[in-house]
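# Close look at the chain arrangement
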Amino acid sequence: MLYAYDSSVKQELELRKVRHFRSYFVFKRTFDIVFSILVLFFLLPAFAAISLCILISDGRPVFYRQKRIGRDGRVFDCLKFRTMRRDADRLLKELLDRNPVLLQEWRACQKLRDDPRIHPIGRFLRVSSLDELPQFVNVLKGEMSVVGPRPIVEDEMVRYGERINDYLLMKPGITGLWQVSGRNDTSYDQRVGLDVHYFQNRTTWLDLKIVWRTVGVFLFDHNGC
């Protein structure tokens, strides 16, 4: 009798967990759509101004598409305003071939703190995080979420080790714990740890807190976002 009771309690707890996550995902998707539409609508003049500045300073294309890994391992085109010179890939190879210090930095972080490939307008867009505004289109398409882990490229998957499944069970986000936790001062291992922490503790309240903190970081502390 006790065994049957224990089984029924466990079953009820599992059902509660399922209902909790179902309601969480419904709210999350609804929030993603509404929030993205509002951002794209109210910032349409900013989109036009940024596009014009890029065209004048460095020509076409205005947008940059990069293959990123999404939920369940699906590959999608992650959109950004183009912040790098059109010959950025060639320049990166040349830089890493002749500069071992930069090569070590690239291997450690998959980025360069003082990246010479970035054009002048692009540097401002990166510091302000305005280069990521087009990703709200990815959110509307269901490829990303407003809050989630930073989207990674295929070569980065190995750096997650056995925790890669945690990443693959989530949609990548425009913002997340890493973005509001001083991302320029964190190692890649710390970034993975933040993604895993978010996966294990994600709730509607946590998502809203991250969005609120993102606004503060965007306005007052560009090192974090």
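The structure displayed is predicted, hence computed values, not measured ones.

What follows is about the side chain of threonine 175. Here threonine 175 shows up in strand β4 (residues 173-175). A polar contact is formed between the side chain of threonine 175 and the side chain of threonine 214, at a distance of 2.6 Å. Leave out the neighbours within four places in its chain, and threonine 175 touches Val146, Val147, Gly148, Val180, Ile210 and Thr214.

For the rest of this paragraph, the subject is the packing of aromatic side chains. Scanning the model with the defined rule gives nine aromatic pairs in all. Taking the centre distance of 5.4 Å and the plane angle of 55° together, the rings of phenylalanine 47 and phenylalanine 81 count as tilted. Here the residue phenylalanine 47 occupies a position in helix α2 (residues 44-58), and phenylalanine 81 occupies one in strand β2 (residues 75-81), the gap between them amounting to 34 residues. By relative accessible area, which is 1% here, phenylalanine 81 ends up buried. With centroids separated by 5.5 Å and ring planes inclined at 55°, the aromatic side chains of tyrosine 160 and tyrosine 167 adopt a geometry described as tilted. Its relative accessible area of 3% is what places tyrosine 160 among the buried residues. By relative accessible area, tyrosine 167 is classed as buried at 1%. By the ring-pair criterion, three or more aromatic residues cluster together here, those being Phe27, Phe31, Phe35 and Phe136. Seen from the ring of tyrosine 188, arginine 159 lies directly overhead, with NZ or CZ sitting 4.3 Å from the centre.

Across the seven residues of β2, five count as buried, placing the element largely inside the fold. With seven bridges connecting them, strand β1 (residues 63-69) and β2 associate as antiparallel partners. If you follow arginine 65 over to β2, its bridge partner there is leucine 79. Taking the residues that link successive antiparallel strands as the turn, the β1-β2 hairpin has five residues, and the phi of aspartate 72 there is positive, at about 60°.

There is a patch of nonpolar side chains on the surface, built from Ile33, Val34, Ile37, Leu38, Phe41, Phe42, Leu43 and Leu140 and spanning about 730 Å² of accessible area. A per-element tally of the nonpolar patch places helix α1 (residues 2-42) first, with six residues. By secondary structure assignment, the location of leucine 43 is in the loop between α1 and α2.

Right, let's get into helix α8 (residues 188-201). For α8, built from 14 residues, the straight-helix expectation of 20 Å at 1.5 Å per residue is met to within 8% by its first-to-last C-alpha distance of 20 Å. Three or more residues of α8 are buried, namely Tyr188, Arg191, Val192, Asp195, Val196, Tyr198 and Phe199. For α8, the arc enclosing every buried residue in end-on projection is 160°, short of the 170-degree limit, so these residues lie on one face. Looking at α8, the residues exposed on the side facing more than 90 degrees away from the buried face are Asp189 and Gln200.

About the thresholds
Residues numbered from 1 in each chain as written. Predicted model: local features only at pLDDT ≥ 70, side-chain atom pairs only at ≥ 80, totals over all residues. Heavy atoms only, no water. Helix = DSSP H or I, 4+ residues; strand = E, 2+ residues; numbered from the N terminus. Polar contact = N/O pair within 3.5 Å; in protein donor to acceptor, adjacent residues only side chain to side chain. Contact = heavy atoms within 4.5 Å. Phe/Tyr/Trp six-rings, centres within 6.5 Å; stacked < 30°, edge-to-face > 60°. Buried < 20%, exposed > 50% of the residue type's maximum accessible area, 1.4 Å probe, protein only. Lys NZ or Arg CZ within 6 Å of the ring centre and 35° of its normal. Pairing = 2+ DSSP bridges. Patch = residues over 30% accessible without salt bridge, like charges linked within 9 Å, V, L, I, M, F, W, Y side chains within 5 Å. Areas by Shrake-Rupley, 256 points an atom, 1.4 Å probe, with all protein chains shown as cover. Salt bridge = Lys/Arg side-chain N within 4 Å of Asp/Glu carboxyl O. Expected span 1.5 Å × (residues − 1). Arc of directions from axis to C-beta.

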